[in-house]
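Each chain, letter by letter, is given below.
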Amino acid sequence: MNLTKFTIENKPFSWFVLALVVLGGIISYEKVGKLEDAPFTIKQAVVLTQYPGASAEEVEQQVTDKLEEAIQAMDGLDYLDSDSRPGVSRILVVLKKTVPGDEIPQMWDVLRRKVGDIQPQLPTGAHPSIVNDDFADVLGLFYGIYGEGYSYRELNDIADDFKKELLKVPNVAKVTLFGKAQESIDIKLSYTAMNQLGISLEQVMNALNKQNKLVNAGFINTEKQRLRVKIGGDFSTVNEIGSFLVSTENGEQIKLKDIATVEESYVTPYTSKMKIQGLPAVGFAVSASAGANVVEVGAAVEQRLEKLQQDLPAGVLLKNIYNQGAESKEANDGFIFNLIASVGTVVLILLFFIGLKNGILVGSGLVFSILGTLIFMLVFGINMERVSLAALIIAMGMLVDNSIVVIESILMKIKQGVPKRQAILEAAQSSAWPLLGATIIAILTFLPIRISPDATGEYLSSLFSVLAISLSLSWIFALTQSALVCDDFIKDDNNAQEEGSLYQGKFYDIFRSVLRTSIKYKYASLAIIIGLFASSLFTAKYMKIVFMPELEKRLFKINAFAPEGSYILYTEEQGDKVYHWLKAQEEVNDVTMTIGMTPPRYFLASSAYGPQSNVLSFIVECDDFDNVSKVFQRLEKEKYDLFPELFVRPELYSVMSPLDGKVEARFMGKDIQVLDSLHHVAMDIMRESPLSRHVHSSWFNMSPNWNAMYSNNKAARAGVTRTDIANSFRIMGDGIPVGTYREENELMPIMLKTNEGTVADITKVENMGVLSGNKTVPLQQITTGMQVDYEYPIIQTYNRQRAISALCDPKDGITTAELQNDIVSKIEAIELPDGYSLMWDAEKKNQSEAVSAIVTFFPLAFMLIIAILIALFGNYKQPMIVVLLLPLSLIGVIFGLVGLGKAFDFMSFIGWIGLLGMVIKNIIVLLDEVNIQRKEGQSHLESIIYATISRTRPVLMAAITTMFGMFPLLPDSVFGAMSVTIIFGLGFATFLTLLAVPVFYALFYQIKIK
C-alpha cells in the first residue's frame, strides 16, 4: 500500500519512471542479443590418437584402453565412449550434467594433463594424442564457393582470401574452412627405371627427406650485428624437384625425373570433400564472438561477402548454406508477430469484459511489464530466442492477472461509492500480499527447470528467468502503474450501489444456483469430478508421448553410409546418385553434399561423423516445410530400391542433439563374437516390428583386409624385410610422405607413389614386385600365400567395456515410445551370458535423465509453495484444497492433446508446470476473498458463494486472455503442443476454480444446505 501511495502522491516522478521504462524497453529490444535457439553447453571433448598400421583391435588394446585408464580418474566424468578403428583411436569424453559451465575449461585442462602424462606409455609409432575441446563450438554461418571448370587450387585460394577478409569483420571469432583439398607434389616412381639405374627406394626416400628438411644453422655474431645463417637449397619450384640428384651405391648421380614423373596434385584419398549443386566446392563456417548479437554479425558478414563477390572470377558462385543470423531474425520476427498478436488478443478480450477504457488501462500494464522485462534481459545478458520469447507469451495471461485483480477491485469499490483515492489504496492493501504470494508460487513452479543440471534444463533456463522477471514486474506495475492510471483516468461514481447488487443479473443468478446445488450435493459433485479425472486417465493411453519436437525448417539433413571399408571415391560415386535423385525432385532447390565427414557444426543440434571413408552428408533446401515433408517421405519410400549400397537416414532438424538412432539397445561385455550375436538377435526383433525403420548396427558390417602371409625364411633368403613390403604397398596405394614443399604460406606434402595408379588390380597385387635395395622381388616369392580376410573395422567401448548397439527409428507417424514399448520386453528377454549386460540408451535415456533432473527438485519447489500457502492462509485446510486440485488440471490437458492429435512432449510437460502456477494463483485469489468475507462475519456458505461470484469475472478474464494469448503459438513446431496443454488445461482449470473449489471447501468445512 505504501508503494501505491507513494506512486499516486508523486505523479511527476511516477510518469517519468514509466516513460523511462518505455524508452528503455525500446532501446533494449534493439540491443539485446538475438539467437535462433537457446544455447546449451555440450559438455564433451574428443581425444584423437593416430596409430598408423594397427588394426582396430590393436588400437583398442594398445592406445584406447591406456588413454581411458588415465582419463577415468577425472572428477566430474560421466562416461567414456570410444571408437577404435584401424590406425585411429577416438575417445568421446562426456562430463556429468552437474558440472557448472564456467568450470568446463578447467576440466579440459585436467583432461589434457591426464592425456599428456600417459603419452610415454603409448606404443612406438603412435602419434601424440590431440584433445579437441572445441568439438561443440557452433559456427552458425555456413557458406560455400563453387564454380564449374574451376580447380580445387583456385577455389582454395579464393577461400583463403575470404577467410582473411571475414576475420576482419567485427565480432567474428573464427572462420573454419571445410573440404579444402590438400595440395601435394606427387613423385610417381618407375620400378623398371630404378632397377635399370640401380637406385633403391631407401636411397630416394633418404635423399628427399634430407634435402627439403628445415635446418637450423644458427647465427654469426659480429661486433655490431647478429646475423641469422640461411642455407639455401630447399625446393622452390616443381622443376627443381625433378632435377634433384639422387646418388646410387656406385656414386653415380641420377636426376629424379629420370626414374619418376613429378607433378602437382592433391593428396589421395582425400579426407573430406564438399559439393554444391554437384560441383566441387570449398566451405567456410563463421562463428560470432561470445555474447555478440548473431543477427548483427550475420548482417555484417553478408555485407562483407557482397563486396567480395564483386571481385569473384566469372563463373564462381557463393552459396549461403546456413545463416544463423537470418534464421534468428526470421525466428525472432515470427515470435514478435506472435507476441504482438497475443497482446492484441489479450486487450480485445479485456475490452469485451470491462469496456474500452478499462481494457486499455489493464492492457497498458501488460505492455509495461514486457518492456520492463526487455530491459532486465539486456542487463542480465538473456538473449531473445525461441525459449525466452515463448516465455513472454506463456506469461501473457499471467501478467494481466495482477492488474485485473487490482483494477477490478478498484472498480467494484468505486461502484459501491468509495472515493476513488480510498478505493485505490484499499484495493492495493487487500490484494498486495495474496498477489505477491501467488506470483512467487507461479515463479516457483518453474524453479525445478532452472536448477536442473540436464541439457534440457539449460536449454529452458531462460524460461524461468524471463517468467520470474516479467511476473515480478507485473506485481509491481499492478500496485503502481495500474493504480496511477486509475487515479488519472477513472472518475468517482456518484450513483453508489450496494455491494450485493453488483453481482446481479441472469448470468449471476444461474451461476449462484449452480453453486448452491453443487455444494448441497457435494459428494455427488465430487464423484463427477473424480469420474472426469478417471476418464481422462483412461484416455491418456491414446495420448502420444515424445521427448523433443522436431523443427519445421525449409531444410532437412541426410546422413548416409556406404559399407565399412569402402574406398572414398566409391562413396562419392554413390553420393552423386543420391544428389541426382534429389535434384530431380521439383520441390528441391539446392543440395550441399559432403563426403568423408559431416560439415562443421553450423547448427547447435548437429550430428558429427567422420573422418570416415564411407560417410556422406547432405543438406537439402526446399521452399518450405510442406515441400520438405514431401521429399522426405518420398525418399523414405524409394531409397531401398534406388540406393541398395547405402544406409540412408534422413533427419529433420531438432532442438536437441540428434541421435544415431532414436531407439538404442547397447550390449556390453568382453568377447566380440558374443556381443555380435546378441545384437544381431536384437536387430532381428527390431526388423520384425512393423513400427520400426533404419535398423542398423553401431559397428555396421565387417570389412575385408588383404592378408599377405609373410614368410621369414623366404624373405631372409631374398633380403626383404616387412618394412620393404609395407613401403611397396604404401607406394602402390596412398603413397609415402618424404618431405614438405613450401610455397608461400602453403605446406604441401611430397608423396612417393608408383606410376601405375592408385586403384589396385588384384592380379597386379598378387604379382607385385617388392623393392628391396636396388632390386625388385616378386611378392609371391616372399609369402606363403595371400587371402582376403574379414575384420571388425570398428571396436566401440562404453566406460571401458566393449559395447555394440542395435539401433532403429520409428516409422513416420509412430512415436519413439510406441516403438520402444513394442520391442523392449522382447529384447530384454534375450538371455545374456554371465558378464554381459544390456542398457537402453538414446531417447529413452535422455528423456529419463531430463525428467528425473527436473523432478528431483520438485520436492524443494513444492515445499516452498506449501510454506507460502500456509503463511498466506494461516491454516492447513485451504493449502490442502489447493494441493488436491492440482492433479485434476491434467483432465483438460489429456482431453485437449488427444482430441487434437498432439503428442505430449517435453515442452508440454513444461507447459503443464506453468499451468499449475496459474491454477494456484486463481485459487489463492478466490480463497483469499473467502477469508475476507469470513472476517466480516459471513458464514462459510455465504463466504464461499460470494467469493466465487465476485471472482468470476477476474478469473474468467485471466483464463480467457491467457488461452487466447496462446493461440498464435499453436502452429509452432516446438511450442504447439505446449500451447494446447495450456489452452485446454487452463480451460478446465477455470472450471475447477469456480466449481470444484467451492465443492472441496464445502467438504473440508462440512457445509450443509437444507
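Refer to the structure printed above.
Residues numbered from 1 in each chain as written. Predicted model: local features only at pLDDT ≥ 70, side-chain atom pairs only at ≥ 80, totals over all residues. Heavy atoms only, no water.

A. Geometry of unusual backbone geometry. Each neighbour pair has its own omega, and for Thr268 with Pro269 the value is -10°, a cis peptide bond. Within the secondary structure, Pro269 is located in the loop between strand E12 (260–266) and strand E13 (273–276). The phi torsion at His694 lies on the positive side, around 55°, for a residue other than glycine. Residue placement: His694 occurs in strand E21 (residues 692–697). (Helix = DSSP H or I, 4+ residues; strand = E, 2+ residues; numbered from the N terminus.)

B. The arrangement of helix H33 (residues 976–1004) in detail. At Ala996, H33 shows its maximal kink, close to 40°; a proline, Pro998, follows between one and four residues later. Within H33, 25 of the 29 residues are buried, leaving the element largely enclosed by the surrounding structure. Two residues or fewer past H33, Gln1006 is found with a positive phi of approximately 50°. (Bend = angle between axes of the 7 residues up to and from the residue. Buried < 20%, exposed > 50% of the residue type's maximum accessible area, 1.4 Å probe, protein only.)

C. A look at the sheet that holds E12. Reading across the sheet, the four strands line up as E12-E7-E24-E23 and stay open at both edges, with mixed pairing between neighbours. Two strands in the sheet have a free side with no partner beyond their single neighbour: E12 and strand E23 (736–743). Each strand of the sheet is rotated relative to its neighbour by a mean of 25°, with strand direction disregarded. Across five bridges, the pairing between strand E7 (residues 183–189) and strand E24 (residues 746–754) is parallel. Residue pairing for E24: Asp186 is matched across the bridge by Met751. Packing against the sheet, helix H5 (residues 152–166) makes contact with E7, E12, E23 and E24, and its axis sits at approximately 45° to E12. (Pairing = 2+ DSSP bridges. Axes fitted to C-alpha atoms, helices over the stretch in contact; angles between N-to-C directions. Contact = heavy atoms within 4.5 Å.)

D. Structural context of the packing of aromatic side chains. This structure, assessed with the given rule, holds 25 aromatic pairs. Within the aromatic cluster, the residues linked to one another by ring pairs are Phe142, Tyr322, Tyr602, Phe603 and Tyr653. Taking the ring centre of Tyr653 as reference, the NZ or CZ of Lys557 above it sits at 5.0 Å. Positioned above the aromatic ring of Tyr798 is the side chain of Arg666, whose terminal nitrogen or guanidinium carbon lies 4.1 Å from the ring centre. (Phe/Tyr/Trp six-rings, centres within 6.5 Å; stacked < 30°, edge-to-face > 60°. Lys NZ or Arg CZ within 6 Å of the ring centre and 35° of its normal.)

E. Expanded view of the pairing of E13. Covered by surrounding structure in E13 are Lys273 and Lys275 together with Met274 and Ile276, the residues of both alternating faces. When E13 meets strand E17 (residues 588–595), the two strands line up antiparallel, connected through four bridges. Following the sheet pairing, Ile276 is matched in E17 by Thr592. Note that E13 and strand E14 (residues 279–288) share three bridges and pair antiparallel. Among the inter-strand pairings, Met274 is bridged to a residue of E14, identified as Ala281. Counting the residues that bridge the hairpin from E13 to E14 gives two residues, and of these Gln277 lies at a positive phi of roughly 55°.

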